[in-house]
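# Descriptive structure summary
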Amino acid sequence: MDKLYIFNYTLEELAKSLKEHFPAFRAKQIYHWLYVHYESHFENMVNLPKDLREFLAQNYTSTSTALLKKEESKDGSIKYLFKTYDNHSYESVLIRMKEDKFTLCLSSQIGCKVGCSFCLTAKGGFVRNLEAGEMVYQVFAIKKDQNIPPNKAINIVYMGMGEPLDNLENTAKCIRILSELDGLNISPRRQTLSTSGIAPKIKKLGTLNLGIQLAISLHAVDDDLRTELMPINKAYNIQSIIQEISNFPLDSRKRIMFEYLIIDSLNDDLKSAKKLVALLNKIKAKVNLIYFNPHQGSPYKRPSKEKVEAFREYLLQKGLLCTIRESKGLDISAACGQLREKVQEQIEVKV
Ligand code: SF4
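Remember, predicted model here, so these are calculated numbers, not experimental data.

## Some points on the site of the ligand
All residues adjacent to the ligand are Cys 112, Val 114, Gly 115, Cys 116, Phe 118, Cys 119, Ala 122 and Gly 162. Residues belonging to the shell around the ligand are distributed by class as follows: six nonpolar, two polar and no charged.

## Regarding the pattern of salt bridges
Summed over the entire model, instances satisfying the criterion amount to eleven salt bridges. Two residues, Lys 275 and Asp 222, come together in a salt bridge whose shortest N-O distance is 3.8 Å. With Lys 275 in helix H10 (residues 270-279) and Asp 222 in the loop between strand S11 (213-217) and helix H8 (223-229), the pair connects residues that are 53 residues apart, well separated along the chain. When its relative accessible area of 39% is taken as the criterion, Lys 275 is described as partly exposed. Salt bridges sharing common partners tie together Asp 86, Arg 128 and Glu 134.

## Observations regarding the nonpolar core
Residues Leu 18, Ile 30, Leu 178, Phe 258, Val 287 and Leu 315 are the most contacted members of the largest nonpolar core, which totals 88 residues. Per-element tally for this core: the top contributor is helix H5 (residues 132-145), with seven residues. Two domains each put at least three residues into this core: domain 1 (4-61) and domain 2 (66-350). Discounting residues that sit within four places of it in the chain, Ile 30 has contacts with Ile 6, Leu 14, Leu 18, Met 45, Leu 48, Leu 52 and Leu 56. Within the second largest apolar cluster, 17 residues are counted, among which are Cys 112, Cys 116, Leu 229 and Met 230.

## As for the domain arrangement of the protein
In many reports, interface size means the accessible area that the parts give up when they come together. The domains assigned to the protein are domain 1 (4-61) and domain 2 (66-350). At the interface, 16 residues of domain 1 touch 18 residues of domain 2. Between domain 1 and domain 2, the buried area comes to about 1,500 Å², and carbon and sulfur atoms account for 63% of it. When the buried surface of domain 1 facing domain 2 is broken down by residue, Phe 7, Tyr 35 and Tyr 38 rank first, second and third, together holding 45% of it. Residue Asp 182 is joined to Lys 28 by a salt bridge in which the shortest nitrogen-to-oxygen separation is 3.8 Å. Counting across the domain 1 and domain 2 interface gives seven residue pairs in polar contact (both at pLDDT 80 or more). Of all the secondary structure elements, the ones that give two or more residues to the side of domain 1 that touches domain 2 are helix H1 (11-18) and helix H2 (25-35). Considered class by class, the residues forming the side of domain 1 that touches domain 2 number nine nonpolar, four polar and three charged.

## Section: helix H11 (residues 305-317)
Spanning 13 residues, H11 covers 18 Å between terminal C-alpha atoms, matching the ideal 18 Å at 1.5 Å per step. Here H11 has its buried residues at Val 308, Phe 311, Tyr 314 and Leu 315. Down the axis of H11, the sector holding all buried residues measures 125°, keeping them to one side. When the buried face of H11 is taken as reference, the exposed residues oriented beyond 90 degrees from it are Glu 306 and Gln 317.

Thresholds applied
- Residues numbered from 1 in each chain as written.
- Predicted model: local features only at pLDDT ≥ 70, side-chain atom pairs only at ≥ 80, totals over all residues.
- Heavy atoms only, no water.
- Near = heavy atom within 4 Å.
- Nonpolar A, V, L, I, M, F, W, Y, C, P; charged D, E, K, R; others polar.
- Salt bridge = Lys/Arg side-chain N within 4 Å of Asp/Glu carboxyl O.
- Helix = DSSP H or I, 4+ residues; strand = E, 2+ residues; numbered from the N terminus.
- Buried < 20%, exposed > 50% of the residue type's maximum accessible area, 1.4 Å probe, protein only.
- Core = buried A, V, L, I, M, F, W, Y, C linked by side-chain atoms within 4.5 Å.
- Domains from an automatic or database assignment.
- Contact = heavy atoms within 4.5 Å.
- Buried area = accessible area lost by both parts, 1.4 Å probe.
- Polar contact = N/O pair within 3.5 Å; in protein donor to acceptor, adjacent residues only side chain to side chain.
- Expected span 1.5 Å × (residues − 1).
- Arc of directions from axis to C-beta.

Here is the structure:
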């Protein structure tokens, strides 16, 4: 890719890169076209002078990532597949919540190194990190596709393909670009980074003071089971994560979210609930129970509603905030990596 990818630029960087030829306010105008009008074709940015539009066309590109396919679920969630300049693909999911609220689940990598046993993305191995702009493009393209007004507040979760802390530099840059007041203006408080628990990188994230929400994929309360589900637990066990979380700089109004993928007969019993309460005893935490969403070839099963509700009831009784997340999009390729897997062959042939 010879040209510079426009979505990779923070507003400050864009202003700097134009500085020799154009005044700084031109960068704001370009940001406005991209993130308020959802217009990425430089020739259509009609209030820019012709020489700037030509300069942009010669030096920058806005088309190195493209929307390849989307699938809509009966529950309103939509899964998007994007194609990269180097012929790979990655996914995002738009989840429609109650009262027309939107949550956008972004990918941070193509594939993943972490290798969780319940995850389809892990099965495809790791390809590469997404650039910040490739992450930003997911928001740009989906807001444009769905005609979501620029001032409509949406939530972002970094919970799609990949481990965002394994791509921390680009993820942090994406967070900054999405937060830009003259652009998408998505408050960091509305952005949640979800990690498998790479303890030293949680520490590093804390030093960046991004102001985002943090979620930890815990999924088990003892190390043996967690290592079975998430081999990374061998390197960073439950105690090391809890230790790092205890030191994480947190806004007094915020809580750390602990994601708990609840799997039939594996971690859905009250003994596990009791251990979870003990583990999170000293942390300002809330727990999100997620129904396991089975995919083809998966050894795990979806738990019963009764068991999940009993688990939640126990946590609530003990004063631990807890919500249950229904898997959205069960009728589409909803497990992360499924849509990508389905169409990867087609891309390899067609592109
Ligand atoms: S669940 Fe997330 S961290 Fe684990 S392998 Fe899949 S993408 Fe990676």
